[in-house]
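Residue-level structural notes
For reference, the chains in residue letters:
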Amino acid sequence: METLSYNIKIYATPEKVWQVLWSPESYPEWTKFFACDSTMQSDWKVGGRTYFGDGKGNGMVSTIESLDEPKQVVFKHLGMIQNGQEDLESEEIKTWAGALEKYMLFDFNGETQLHVEVDIQPEHAEFMNKGFDQGLAMVKHLAEKEG
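Reference entry: report on the structure contained in this document.

About the cut-offs
Residues numbered from 1 in each chain as written. Predicted model: local features only at pLDDT ≥ 70, side-chain atom pairs only at ≥ 80, totals over all residues. Heavy atoms only, no water. Helix = DSSP H or I, 4+ residues; strand = E, 2+ residues; numbered from the N terminus. Rg over C-alpha atoms; globule rule 2.2 N^0.38 Å. Contact = heavy atoms within 4.5 Å. Areas by Shrake-Rupley, 256 points an atom, 1.4 Å probe, with all protein chains shown as cover. Lys, Arg positive; Asp, Glu negative; His and termini not counted. Charge placed at Lys NZ, Arg CZ, Asp CG, Glu CD. Axes fitted to C-alpha atoms, helices over the stretch in contact; angles between N-to-C directions. Parallel < 35°, antiparallel > 145°, perpendicular 65-115°, else oblique. Left-handed = near helix turned anticlockwise from the far one by under 90°. Nonpolar A, V, L, I, M, F, W, Y, C, P; charged D, E, K, R; others polar. Core = buried A, V, L, I, M, F, W, Y, C linked by side-chain atoms within 4.5 Å. Buried < 20%, exposed > 50% of the residue type's maximum accessible area, 1.4 Å probe, protein only. Expected span 1.5 Å × (residues − 1). Arc of directions from axis to C-beta.

So, about the overall build of the protein. The helix and strand tally for the protein stands at 4 helices and 8 strands. When the helices and strands of the protein are placed in sequence order, the string is β-α-α-β-β-β-β-β-α-β-β-α. The C-alpha radius of gyration of the protein comes to 15 Å, within 12% of the 15 Å expected for a compact globule of 147 residues. Principal axes of the C-alpha set define a box for the protein whose edges measure 45 × 30 × 25 Å. Across the protein, the fraction of contacts at a sequence separation of at least 24, relative to all contacts at a separation of at least 6, is 54%. Surface exposure of the protein reaches about 7900 Å², of which carbon and sulfur atoms provide 49%. Seen as two clouds, the 13 positive and the 25 negative side-chain charges of the protein have centres 4 Å apart.

Spelled out as structure tokens, the structure:
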């Protein structure tokens, strides 16, 4: 497992960037670079359930390990959803279960430094780098456009 990190400066408040990251309207806009019909459903509770989906019944089962809105959220990935079925126990899942995905927003007088860290298996690095490079550029565009 390795950890990738990404940083982008956004000329908007952390509250605005948070809204762009997690609102049902804008989430699919920036995550389309990972999967065309990306969805996220969360109870927004530490220890609760969060589901990241591809719009086709597949995705990831996660929990929120830490939450300090609008400054930080840490997702802990627990398993996969394949054809609508949760898999938290298979040998394949056990090789990466517990991987973290962290979003940290730092406020510099109304400008936001968005820092993302994601634990991945090395073979997924190119896919993640491309997705986050394009996705975070879209977050910046949407947050700055909407003021």
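The next thing to look at is the packing of helix α1 (residues 14-22) against helix α4 (residues 125-145). In the contact formed by α1 and α4, the axes pass within 9 Å of each other and the chain directions differ by 125°. The orientation of α1 with respect to α4, classified from their angle, is oblique. When the axes of α1 and α4 are compared, the crossing they make is right-handed. Within the contact between the two elements, α1 uses K16, V17, V20 and L21 and α4 uses V139, L142 and A143. Each residue belonging to the contact of α1 with α4 can be placed in one class, and the counts come to 6 nonpolar, no polar and 1 charged.

Within soluble globular proteins, side chains that are nonpolar tend to cluster in buried spots. By size, the foremost hydrophobic cluster in this structure holds 31 residues, and its most contacted members are W22, W30 and L114. Elements that contribute at least two residues to this core include exactly β1 (2-10), α1, α2 (27-31), β5 (72-82), β7 (100-108), β8 (111-120) and α4.

Moving on: α4. Compared with an ideal rise of 1.5 Å per residue, which puts 21 residues at 30 Å, α4 spans 30 Å between its outermost C-alpha atoms and is within 8% of the ideal. Residues A125, M128, G131, F132, G135, L136, M138, V139, L142 and A143 constitute the buried set of α4. One side of α4 holds all its buried residues, which, seen down the axis, span an arc of 160°. Opposite the buried face of α4, by more than 90 degrees, sit the exposed residues E126, K130, D133 and K145.

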